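Given next are the chains, with one letter for each unit.
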Amino acid sequence: MKHIFQRGNSERTLLLLHGTGGTEQDLLPIAKMIDPDASVLSVRGNVSENGMPRFFKRLREGVFDEEDLIARTDELNTFLEEASKEYGFDRNQVIAAGYSNGANIAGSLLFHYKESLRGALLFHPMVPRRGIELPDQAGLPVFIGAGENDPICPAQETKDLEELLTEAGADVTVHWERMGHQLTENEVKTAADWYKGQF
């Protein structure tokens, strides 16, 4: 997978996952706000939708191609294993920060694999899959940033995701902005404060 790796001064690695149409450059400034000491692994999605990079296919707005989602989640999980060996970072200290489509693939890692992430900051995510049993995520810290007026990710999606992750044992914090689908500076600052208290 096309990516950028920047070595940091701590044992933590931030996995950055962009939104639809983004690139591996998009979230680099956010990494500096969240954890300037962490190593950074910023990945570009391998799927192209009308020329826009994504992490998995969708059938239409808000409807995921589940088969592709499962395959791409496995692809990302395998890539993390390989990258940890190549760059020498601790695979058990990877914390995801994803926006929109990137938050969805990060959420999908949590829905499919135990101990795939040390924690996650999910900005405007949806529920990746429904009707499946999640692996045990006991004590896993998860931050969800959501917009009260988000037309792409309705408030109920956020509440459902919080409930599903909590039932799997995760320690979930939800932060609401009175905004739509955009990622705000206040949202990132709130996430950074939460992060400092967790890691």
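Residues numbered from 1 in each chain as written. Predicted model: local features only at pLDDT ≥ 70, side-chain atom pairs only at ≥ 80, totals over all residues. Heavy atoms only, no water.

Q: Teacher, can you tell me more about the overall build of the protein chain here?
A: Counting secondary structure elements, the protein chain contains five helices and 11 strands. Expected size for 199 residues packed as a compact globule is a radius of gyration near 16 Å; at 15 Å, the protein chain falls within 12% of this value. The dimensions of the protein chain, computed from C-alpha atoms along their principal axes, are 40 × 35 × 30 Å. Taken across its 199 residues, the protein chain has 54% of its residues classed as buried. The contacts of the protein chain with a sequence gap of at least 6 include a subset with a gap of at least 24, amounting to 69%. Surface summary for the protein chain: the accessible area is close to 8800 Å², and the carbon and sulfur share equals 45%. Of the charged side chains in the protein chain, 20 are positive and 32 negative, and the gap between their average positions amounts to 4 Å. (Helix = DSSP H or I, 4+ residues; strand = E, 2+ residues; numbered from the N terminus. Rg over C-alpha atoms; globule rule 2.2 N^0.38 Å. Buried < 20%, exposed > 50% of the residue type's maximum accessible area, 1.4 Å probe, protein only. Contact = heavy atoms within 4.5 Å. Areas by Shrake-Rupley, 256 points an atom, 1.4 Å probe, with all protein chains shown as cover. Lys, Arg positive; Asp, Glu negative; His and termini not counted. Charge placed at Lys NZ, Arg CZ, Asp CG, Glu CD.)

Q: Would you take a moment to explain the environment of Val188 for this structure?
A: Of note, Val188 is situated in helix 5 (residues 185–198). Take Val188: its relative accessible area is 3%, and that puts it in the buried class. For Val188, the contacting residues outside a window of four places in its chain are Ile30, Met33, Ile34 and Leu183.

Q: Looking at this structure, I do not really get the environment of Asp136. What am I missing?
A: Structurally, Asp136 is set in the loop between strand 9 (119–123) and strand 10 (141–147). With 24 residues separating them along the chain, Asp136 and His112 place their C-alpha atoms 9.9 Å apart. Look past the residues within four positions of Asp136 in its chain and what remains in contact with it is Lys114 and Ala168. A polar atom in the side chain of Asp136 sits 3.0 Å from the backbone nitrogen of Ala138. (Polar contact = N/O pair within 3.5 Å; in protein donor to acceptor, adjacent residues only side chain to side chain.)

Q: Looking at this structure, how should I read unusual backbone geometry?
A: Negative phi characterises most residues that are not glycine, and trans characterises most peptide bonds. Phi angles above zero are rare outside glycine, and Ser100 is one such case at about 55°. With respect to the secondary-structure elements, Ser100 resides in the loop between strand 8 (94–99) and helix 3 (101–112). Taking relative accessible area as the criterion, Ser100 reaches 13% and is therefore assigned buried. The phi torsion at His124 lies on the positive side, around 60°, for a residue other than glycine. Among the structural elements, His124 can be located in the loop between strand 9 and strand 10.

Q: Got a minute to help me understand the environment of Arg12 in this structure?
A: Within the secondary structure layout, Arg12 lies in the loop between strand 1 (3–6) and strand 2 (13–17). In this structure Arg12 comes out as buried when scored by relative accessible area, which is 14%. In this structure the C-alpha to C-alpha distance between Arg12 and Thr166, which are 154 residues apart in sequence, comes to 24 Å. The residues touching Arg12, leaving out its near neighbours within four places in the chain, are Asp35, Ala38, Ser39, Gln93, Ile95, Tyr195 and Phe199. Of the polar contacts made by the side chain of Arg12, one reaches the side chain of Tyr195; its length is 3.2 Å.

Q: For this particular structure, what's the right way to read the pairing of strand 10?
A: The side chains of a regular strand alternate between both faces of the sheet. For strand 10, the buried fraction is high: seven of the seven residues fall into the buried class. Both faces of strand 10 are covered, namely the face carrying Pro141, Phe143, Gly145 and Gly147 and the face carrying Val142, Ile144 and Ala146. Relative to strand 10, strand 9 runs parallel, the two being bridged by four bridges. Counterpart to Leu122 in the pairing with strand 10 is Ile144. In this structure, strand 10 lies alongside strand 11 (residues 171–177), joined through seven bridges in parallel fashion. Of the residues in strand 11, the one forming a bridge with Val142 is Val172. Taking the sense of rotation as the criterion, the β-α-β connection linking strand 10, helix 4 (residues 155–167) and strand 11 turns out right-handed. (Pairing = 2+ DSSP bridges. Right-handed = clockwise from strand over helix to strand, strands pointing away.)

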